[in-house]
Amino acid sequence: MDTKIIKKAVDRYLNQKGYEKMNLQAVMFDMDGVLYDSMKNHAYAWNQTMAHFGLDLPEWEAYMHEGRTGASTINIVSLRQRGYEATQEEIDKIYQYKSELFNSRPEAEPMPGALNLLKKVKNSNVTPMVVTGSGQKTLLSRLEKNFPGIFRRELMVTAFDVKYGKPNPEPYLMGMEKYHTFINNEKNDTEKISLAPNNFIVVENAPLGVQAGVAAGVFTIAVNTGPIPNAALFEQGANLLFPSMQTLCDNWEKIIEYLKN
Ligand code: CA
């Protein structure tokens, strides 16, 4: 990517927010479709499940709903196709079917380029964090296996932490708060520092995730790892867009130049 595009995106963000400069401390990474190539399994499971129940949800559309609760996705399709919302019983049945189908798929691989990017982030003296709507209990051990020594439990936001989830800014606001608590825990009162959104960036693949990052006031980088048009991510306010985690990784040196003072 041309460095002019990166500079322009950063300048526009700083102007909008009234910050003098970026002072990047931590990167908040989404998980599904960013760190793991798991979205195709979700899209497949949604498509097949809906078909099983006589409803139509194309795989590409599942990417547009990524981050919504299961109930909300089911009701969008139900209202569109049948003109009424699904009952709670129906929602439970459909969602259980979807979860079982998803779990029967082979475990998703780490996203190509993710590990190298995480290593580069750490080497730039920036802290990588995970902010996900996922509630898998095995999450931390999986992350540790695939990305050894990169993440810390106290710097993770998962489905267990949040009330609303994306596209609400809550998960990213909580991520910033966790980082703040973490670095100030070891400092005495006079050394404690305050942080603002310009100390962070968000990396997201889904329109609703981008919406959450932008609503939290954070410079949000979209990685379009699925089949949706780039416009769907720019419409939600993505500040920069890369077609893959690998290209974001390849451009990290250029980006960090504008994000760290
Ligand atoms: Ca995602």
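Note that this is a predicted model, so its numbers are computed, not measured. (Residues numbered from 1 in each chain as written. Predicted model: local features only at pLDDT ≥ 70, side-chain atom pairs only at ≥ 80, totals over all residues. Heavy atoms only, no water.)

This brings us to the pattern of salt bridges. Enumeration according to the criterion identifies ten salt bridges in this entry. Note that lysine 166 is salt-bridged to aspartate 30, the shortest N-O span being 3.0 Å. Residue lysine 166 is located in the loop between strand E3 (156–157) and helix H8 (170–184), and its partner aspartate 30 is located in the loop between strand E1 (26–29) and helix H2 (39–52); the two are separated by 136 residues in the primary sequence. Residues arginine 152 and glutamate 154 are paired through a salt bridge, measuring 3.5 Å at the closest nitrogen-oxygen approach. (Salt bridge = Lys/Arg side-chain N within 4 Å of Asp/Glu carboxyl O. Helix = DSSP H or I, 4+ residues; strand = E, 2+ residues; numbered from the N terminus.)

Moving on: the environment of phenylalanine 102. Along the chain, phenylalanine 102 falls in helix H5 (residues 88–103). Taking the relative accessible area as the measure of exposure, phenylalanine 102 reaches 19% and is therefore buried. Along the primary structure phenylalanine 102 and tyrosine 44 are separated by 58 residues, whereas in three dimensions their C-alpha atoms are 8.0 Å apart. Ignoring any residue separated from it by four or fewer positions in sequence, one finds phenylalanine 102 in contact with Ser38, Asn41, His42 and Ala45. (Buried < 20%, exposed > 50% of the residue type's maximum accessible area, 1.4 Å probe, protein only. Contact = heavy atoms within 4.5 Å.)

A sheet is described by the order of its strands in space; here six strands give the open sequence E3-E2-E1-E4-E5-E6, paired in parallel fashion. Every interior strand has two partners, whereas the edge strands, E3 and strand E6 (240–242), have only one. Sheet contacts for helix H6 (residues 114–123): E1 and strand E2 (127–131); angle to E1, the most-contacted strand, approximately 160°. (Pairing = 2+ DSSP bridges. Axes fitted to C-alpha atoms, helices over the stretch in contact; angles between N-to-C directions.)

For the rest of this paragraph, the subject is the layout of surface pockets. Approximately 1,100 Å³ is the volume attributed to the largest pocket. Asp32, His42, Tyr95, Gly133 and Ser134 are the residues nearest the centre of the largest pocket, which is lined by 46 residues in total. Within the residue set of the lining of the largest pocket, elements represented by two or more residues are H2, helix H4 (70–82), H5 and helix H9 (207–215). No other element matches H5, which puts five residues into the lining of the largest pocket. Looking at the lining of the largest pocket residue by residue, the class counts come to 16 nonpolar, 19 polar and eleven charged. (1 Å grid on protein atoms, 1.4 Å probe; cavity = no way out; pocket = protein on both sides within 12 Å on 5 of 7 lines; lining within 4 Å. Points joined across faces, edges and corners; volume = space filled by probe spheres on them. Nonpolar A, V, L, I, M, F, W, Y, C, P; charged D, E, K, R; others polar.)

Take the packing of helix H1 (residues 3–17) against helix H12 (residues 252–259) next. At their nearest, the axes of H1 and H12 sit 10 Å apart, and the two run at 35° to each other. Considering how the two elements wind past one another, H1 and H12 form a crossing that is right-handed. Packed against H1, whose contacting residues are Thr3, Ile6, Lys7 and Val10, the element H12 presents Lys254, Ile255, Tyr258 and Leu259 at the interface. (Left-handed = near helix turned anticlockwise from the far one by under 90°.)

The next thing to look at is the packing of H2 against H5. It is at 9 Å that the axes of H2 and H5 come closest, and there the two elements cross at 135°. In terms of their interaxial angle, H2 and H5 are classed as oblique. Viewed along their axes, H2 and H5 form a crossing whose handedness is right-handed. Listed contacts from H5 to Asn41, His42, Tyr44, Ala45, Trp46, Gln48, Thr49 and His52 of H2 are Ile94, Tyr95, Tyr97, Lys98, Leu101 and Phe102. Within the contact of H2 with H5, the residues separate by chemical class into eight nonpolar, five polar and one charged. (Parallel < 35°, antiparallel > 145°, perpendicular 65-115°, else oblique.)

Looking now at the domain arrangement of the protein. In terms of domains, the protein is made up of domain 1 (3–38 + 109–260) and domain 2 (39–104). Once you take the C-alpha centre of each, domain 1 and domain 2 turn out to be 27 Å apart. Taken together, the contacts link 14 residues of domain 1 with twelve residues of domain 2. Both faces combined, the contact of domain 1 with domain 2 buries some 1,000 Å², and carbon together with sulfur accounts for 60% of it. In terms of surface lost to domain 2, no three residues of domain 1 exceed Ser38, Leu208 and Pro227, which account for 42% of the buried area on that side. Inspection of the domain 1/domain 2 interface yields one salt bridge. Where lysine 40 meets aspartate 37, a salt bridge forms, and the shortest distance between an N and an O atom there is 3.2 Å. Here the residues of the side of domain 1 that touches domain 2 are counted per class, giving six nonpolar, four polar and four charged. (Domains from an automatic or database assignment. Buried area = accessible area lost by both parts, 1.4 Å probe.)

So, on to the nonpolar core. Of all hydrophobic cores here, the largest spans 40 residues; its most connected members are Phe29, Leu35 and Met245. Ignoring sequence-local partners within four residues, the contact set of leucine 35 consists of Phe29, Asp30, Pro110, Met111, Ala114, Leu118, Val130, Leu143, Phe147, Phe151 and Met245. Judged by nonpolar contacts, the second largest core, of 20 residues, contains Ala62, Ala86, Ile94 and Ala222. (Core = buried A, V, L, I, M, F, W, Y, C linked by side-chain atoms within 4.5 Å.)

Now for the pairing of E1. Across the two faces of E1 the burial is the same, with Ala26 and Met28 and Val27 and Phe29 all buried. By the bridge criterion, four bridges tie E1 to E2 in an arrangement that is parallel. Looking at E2, one finds that valine 27 is bridged to proline 128. Across four bridges, E1 lies against strand E4 (residues 200–204) in parallel orientation.

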